[in-house]
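Below, each chain spelled out in residue letters.
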Amino acid sequence: MDGKSLNSVFPGDPNGSATEVLAHYLFRKLVVKSDYHIDLRGGDLAESHLIHSIHPSNASERVNRISEEMSRACGFEYFQSRQVDPRSLVYEASRAGVPSIITQCGLGYKTQPEEDFINSHIQAVTNNLKHLGMLDGSPVSHPNPRELSPDFDQVRATTCGIFQGIVDQGDLLARGQLIGRVTALDGTVLEELTSPIDGVVHELLVRRVVFQGDLLYNLVQFRA
């Protein structure tokens, strides 16, 4: 109705547009009355996201600490601490004193593994209920959890053409590895894309036709 993104207008405005009124209701009636908050997120139609958890680092020491514990308790292989955007839900919730994390699971452009991604969210929530003493039992932990760097290395197209992605979310990378191509309509290779880092594919931006400057990959390194 108003062209606004819900996750960009928190804590909302009771006298604002439709999206701002909705954000205000959700934030004041539900989120700030909670002890903990988990934002369950998945890939959009043009996104392919690494399964991981994110805990913001922009709140008080206590909230940051509890948020990190919740992030680790999800049981995913990957977790990440980073500054999140003001007016997003996790930013405003954590600033309001509610420990808050994101679970990111899902390939928006693929339908076959949808249930697996949903189950990853369920595992994260169940693990946190156990971690926080709301359910009996111990969280299921990953045998080799790895922390991601908060910074991204972006790979963009430098020419126009047909994009062919070779790697996808979760694929491990070596510096200089071929990760994609841009071709002409007849298949002629116009550009070969290589990884600038040793790391992992955090996000593939799924595109068929690309233009110069289009973002194709977000890559991330591991924290030492």
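The rules behind each value
- Residues numbered from 1 in each chain as written.
- Predicted model: local features only at pLDDT ≥ 70, side-chain atom pairs only at ≥ 80, totals over all residues.
- Heavy atoms only, no water.
- Salt bridge = Lys/Arg side-chain N within 4 Å of Asp/Glu carboxyl O.
- Helix = DSSP H or I, 4+ residues; strand = E, 2+ residues; numbered from the N terminus.
- Buried < 20%, exposed > 50% of the residue type's maximum accessible area, 1.4 Å probe, protein only.
- Core = buried A, V, L, I, M, F, W, Y, C linked by side-chain atoms within 4.5 Å.
- Contact = heavy atoms within 4.5 Å.
- Pairing = 2+ DSSP bridges.
- Right-handed = clockwise from strand over helix to strand, strands pointing away.
- Phe/Tyr/Trp six-rings, centres within 6.5 Å; stacked < 30°, edge-to-face > 60°.
- Lys NZ or Arg CZ within 6 Å of the ring centre and 35° of its normal.

Colleague: Explanation requested: the pattern of salt bridges in the structure shown.
Modeller: Close approach of charged atoms allows side chains of opposite charge to pair. Inspection of the entire model under this criterion finds six salt bridges. Measuring nitrogen to oxygen at the nearest pair gives 3.0 Å for the salt bridge that ties Lys 4 to Glu 20. On the criterion of sequence distance, the pair formed by Lys 4 in the segment before α1 (18-29) and Glu 20 in helix α1 is long-range, its members being 16 residues apart. On the basis of relative accessibility, which here comes to 39%, the residue Lys 4 falls in the partly exposed class. Notably, a salt bridge pairs Glu 192 with Arg 181, separated by 3.6 Å at the nearest N-O pair. Remark: Arg 181 occurs in strand β8 (residues 178-183) and Glu 192 occurs in strand β9 (residues 189-194); sequence separation between them is eleven residues.

Colleague: Could you clarify how one ought to interpret the nonpolar core in this entry?
Modeller: Proteins that are soluble and globular tend to have nonpolar side chains buried together. Residues Phe 163, Ile 179, Leu 216, Tyr 217 and Leu 219 are the most contacted members of the largest nonpolar core, which totals 15 residues. Sorting the residues of this core by element identifies β8, β10 (199-205) and β12 (215-222) as the ones contributing at least two each. Take this core: its biggest share by element is three residues, from β12. In contact with Leu 219, not counting residues within four places along its chain, are Asp 151, Phe 152, Asp 153, Val 155, Leu 173, Ile 179, Ser 195, Pro 196, Ile 197, Val 200, Val 201 and His 202.

Colleague: What exactly am I supposed to notice about the pairing of strand β2 (residues 47-56) here?
Modeller: Remark: a regular strand shows side chains that alternate across the two faces of the sheet. By the criterion of burial, β2 is predominantly enclosed, with eight of the ten residues buried. Of the strand pairs in this sheet, β2 and β10 are connected by three bridges, and their pairing is antiparallel. Paired with Glu 47 across the bridge in β10 is Leu 205. Two elements, β2 and strand β3 (residues 78-82), share five bridges in a ladder whose sense is parallel. What sits directly across from His 52, in β3, is Tyr 78. A crossover links β2 with its parallel partner β3, the connecting element being helix α2 (residues 61-73), and its sense is right-handed.

Colleague: Explanation requested: the side chain of Glu 20 in the structure shown.
Modeller: The buried category is assigned to Glu 20, whose relative accessible area is 14%. Filtering out sequence-adjacent residues up to four positions away, Glu 20 remains in contact with Asp 2, Lys 4, Val 9, Gly 12 and Asp 13.

Colleague: Looking at this structure, how should I read the sheet that holds strand β6 (residues 161-165)?
Modeller: In any sheet, the strands associate via hydrogen bonds between backbone groups, in a parallel or an antiparallel arrangement. Overall, antiparallel pairing links the four strands, which are arranged β9-β8-β6-β11 in an open sheet. Where the open sheet ends on each side, the last strands, each with one partner, are β9 and β11 (209-210). Bridging between β8 and β9 involves five bridges; their strand directions are antiparallel. By the bridge assignment for β9, Leu 178 is matched with Thr 194.

Colleague: For this particular structure, what's the right way to read the side chain of Asp 39?
Modeller: Relative to the assigned elements, Asp 39 resides in strand β1 (residues 37-41). Judged by relative accessible area, which is 10%, Asp 39 ranks as buried. Apart from residues lying up to four places away in sequence, Asp 39 is in contact with Asn 7, Leu 89, Val 90, Ile 101, Ile 102 and Thr 103.

Colleague: Where do I start with the packing of aromatic side chains in this structure?
Modeller: In this description, a pair of aromatic rings is defined by centroid distance and the angle of the planes. In this structure the tally under the stated criterion is three aromatic pairs. Ring plane angle 75 degrees and centroid distance 6.1 Å describe the contact between Phe 163 and Tyr 217, whose orientation is recorded as edge-to-face. Placement of Phe 163 in strand β6 and of Tyr 217 in strand β12 is noted, with a sequence separation of 54 residues between them. Phe 163 gets classed as buried once you look at its relative accessible area, which sits at 6%. Here the guanidinium or amino end of Arg 146 rests over the ring plane of Phe 222, the centre of that ring lying 3.7 Å away.

Colleague: Would you mind going over the pairing of β8 with me for this structure?
Modeller: Here β6 runs beside β8; their pairing, made up of four bridges, is antiparallel. Paired with Phe 163 across the strands is Val 182, a residue of β8.

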